[in-house]
Every structure is written in C-alpha cells, then in structure tokens.
Amino acid sequence: THFGFRDVPTGDKQKLVGEVFSSVAGNYDLMNDLMSLGIHRVWKRYFVATAQVRTGDRVLDLAGGTGDIAALLRERVGDSGELVLGDINASMLRVGRDRMTDRGQVRGFGYVQCNAETLPFPDNSFDLVTIAFGLRNVTDKDAALREMLRVLKVGGQARVLEFSEVKADWFRPIYDFHSFKVLPRLGKLFARDADSYQYLAESIRKHPPQDALKAMMEAAGFARCRYRNLNGGIVAIHDGYKA
Ligand code: SAM
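For clarity, every value in this text was computed on a predicted model and none was experimentally measured. (Residues numbered from 1 in each chain as written. Predicted model: local features only at pLDDT ≥ 70, side-chain atom pairs only at ≥ 80, totals over all residues.)

**Some remarks on the confidence of the model for the chain**
Step number 1: The predicted model of the chain has a mean per-residue pLDDT of 90, with 95% of residues at 70 or higher.
Step number 2: This model gives residues 1–9 a pLDDT under 50, and the stretch forms twelve contacts once residues within four places in sequence are excluded.
Step number 3: For this predicted complex, the interface confidence reaches an ipTM of 0.98, while the overall pTM sits at 0.91. (pLDDT = per-residue confidence, 0-100. Contact = placed C-beta atoms within 7 Å.)

**Remarks on the packing of helix 6 (residues 141–151) against helix 9 (residues 210–220)**
Step number 1: Across the interface, helix 6 lies against helix 9 with an axial gap of 9 Å and an inter-helix angle of 55°. In terms of axis orientation, helix 6 runs oblique to helix 9. The handedness of the crossing between helix 6 and helix 9 is right-handed. Contacts between helix 6 and helix 9 pair K141, D142, L145, R146 and L149 from the former with M216, M217 and A220 from the latter. (Axes fitted to C-alpha atoms, helices over the stretch in contact; angles between N-to-C directions. Helix = DSSP H or I, 4+ residues; strand = E, 2+ residues; numbered from the N terminus. Parallel < 35°, antiparallel > 145°, perpendicular 65-115°, else oblique. Left-handed = near helix turned anticlockwise from the far one by under 90°.)

**Details of the UniProt feature "binding site: S-adenosyl-L-methionine" (unreviewed entry) in the chain**
Step number 1: Within this structure's numbering, the places UniProt gives as "binding site: S-adenosyl-L-methionine" (unreviewed entry) are T66, D87, N115 and A116.
Step number 2: Counting through the fold element by element, T66 comes out in the loop between strand 1 (58–62) and helix 4 (68–77).
Step number 3: For N115, the location among the structural elements is in the loop between strand 3 (109–113) and strand 4 (126–132).
Step number 4: A residue is classified by how many C-beta atoms lie within 10 Å of it, and N115, with 19 of them, is partly exposed. (UniProt positions renumbered as here; feature names shortened; annotations may be inferred. Buried ≥ 20, exposed ≤ 12 C-beta atoms within 10 Å, placed from the backbone.)

**Digging into the site of the ligand**
Step number 1: Neighbouring residues of the ligand: 21 residues in total, closest A63, G65, N89, M92 and A116.
Step number 2: Here the residues of the shell around the ligand sort into eleven nonpolar, seven polar and three charged. (Near = placed C-beta within 6 Å. Nonpolar A, V, L, I, M, F, W, Y, C, P; charged D, E, K, R; others polar.)

**Examining the pairing of strand 2 (residues 82–87)**
Step number 1: Most of strand 2 is tucked away, with five of its six residues classed as buried.
Step number 2: Bridge analysis of strand 1 against strand 2 gives five bridges, and the strand direction is parallel. Residue V59 lies in a different strand from strand 2, and its bridge partner there is L83.
Step number 3: Chirality of the crossover, the property in question, places the unit of strand 1, helix 4 and strand 2 among those that are right-handed.
Step number 4: Relative to strand 3, strand 2 runs parallel, the two being bridged by five bridges. Among the inter-strand pairings, G86 is bridged to a residue of strand 3, identified as V112. (Pairing = 2+ DSSP bridges. Right-handed = clockwise from strand over helix to strand, strands pointing away.)

Structural data, given as structure tokens:
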C-alpha cells in the first residue's frame, strides 16, 4: 500500500486505518516487540492486572486486534467468564482468533467485527469494557466513548490504554527520534511497510493528551474519571465508571 498520510482528508481516515491494519496484521506481534523493546507486554499486563473485574464477569475488549488483552483477561474472568473481542478489521480479528484457538482457548470467547463508534450490543451488557492502543485509530472518539458507556453495566469500568504525552523534557527528543526515524525504518525492514508505521507514529502525536482525554470521558458521561501515566507518560491508563 502507498498513501501520503498528511494529505488524507479526515473522511478517509476509516479507509486508511483499514489499509494500515490489514497490511500489518501478519507482522503485528513481532513489530510490537521490536518497536517497544517488549515493554508493551508489561503495559498490557499492568492494564489487565489492575482492571476492575472478577471471576465470571462478561468483558468486551474493543479494538482487540490479535488478542493480547483478551488472553490476559481470560486469567481474570476464569472459565465461567465471557470475553468478547471486537475489532473493525477482519484480518486482525482472524489472527486473534487463530492465536486463541491454537492456545486451546475456545469456550467463552466471542469475536465480533464491529466499529467502536456503533456497537452491536444492548445497553448494560458488560462488567468491563477495555480498549488498548485502539482509541487513537477511531475517527469519532466521542461516539466510541459514549458507546462504551452505553454497553457497560451500572458500576462497571471502562479502561483505555493508549499512547499519551511524554512528560519529561529531556526524553522527548529521544522519543521523537525513535518514533519518526527508527520506527518507519523498522517497519520497512521487517514488515516491508514504512508507510503504515509512519502512520502509527503520527497517530500517536495527534491523540489527545492525558487531561484532554479525561475531559472527553467526562463529557461522554463517565463518572470518577482518572488516569495514571506509565513510563513518564509514554502511555496512560484512563478509567471511567458508569454511575
Ligand atoms: N488491542 C490490541 C493490542 O493492544 O495489541 C490491538 C491494537 S491495534 C494497534 C489497533 C486495533 O484497532 C486494530 O486491530 C484495528 O483494526 C482496530 N480499530 C481501528 N479502528 C477501529 C474502530 N473504529 N473500531 C474498532 N476497532 C478499530
């Protein structure tokens, strides 16, 4: 695929995101490890380990992709729990389902191809809704947040794991160099796809920083919104509850 990201009008964002993830699906897990030096695994573990969830709960993992979060959530909800992996992209979903099935994880798993902006689930149907490294790809983030709230049961938690704004001044030039020079090169070398990784770096910069995202969650109707920075704000975890 080839596209000039900067010139793409916002209306085409959905199509662009589709191309990016169809293009990277096969190499997605390898690339995550390479680009983050494996640290994404630690972030995801922490994200799931500290989520508000119990054995037997029903959980929706949005933009679930290749299933990293769902696999970790399985340990928390147990065999009596139910996990729904939702993703807009069929290629990502397929890789995720194959991986789960290869690990013997079949029962209590559902896979739904859906857009986070318009969820095909009834109101009040999940105890926990998660979205990890997904919200920044969604065109209408406010709509996605409202939908997350709608499908959540009263008292349930919504959790967002996403790249955020690095707080330490000294670290920013190093981080920028990594994002805009190293990352596209890694993409070219290992996935033969520099453009997709250029898009990923740019989408991180455009994503609302910590306080802005918290305000968006409040505007969507979430109660008790808060966030926590990991690794100085490279990523942040945002929480909100349905009151
Ligand atoms: N959550 C997984 C993880 O942490 O490894 C996958 C993250 S991946 C960077 C982003 C995922 O968001 C992709 O699988 C993509 O297909 C999905 N996505 C993008 N836009 C979406 C939308 N509007 N609704 C649902 N999923 C979307």
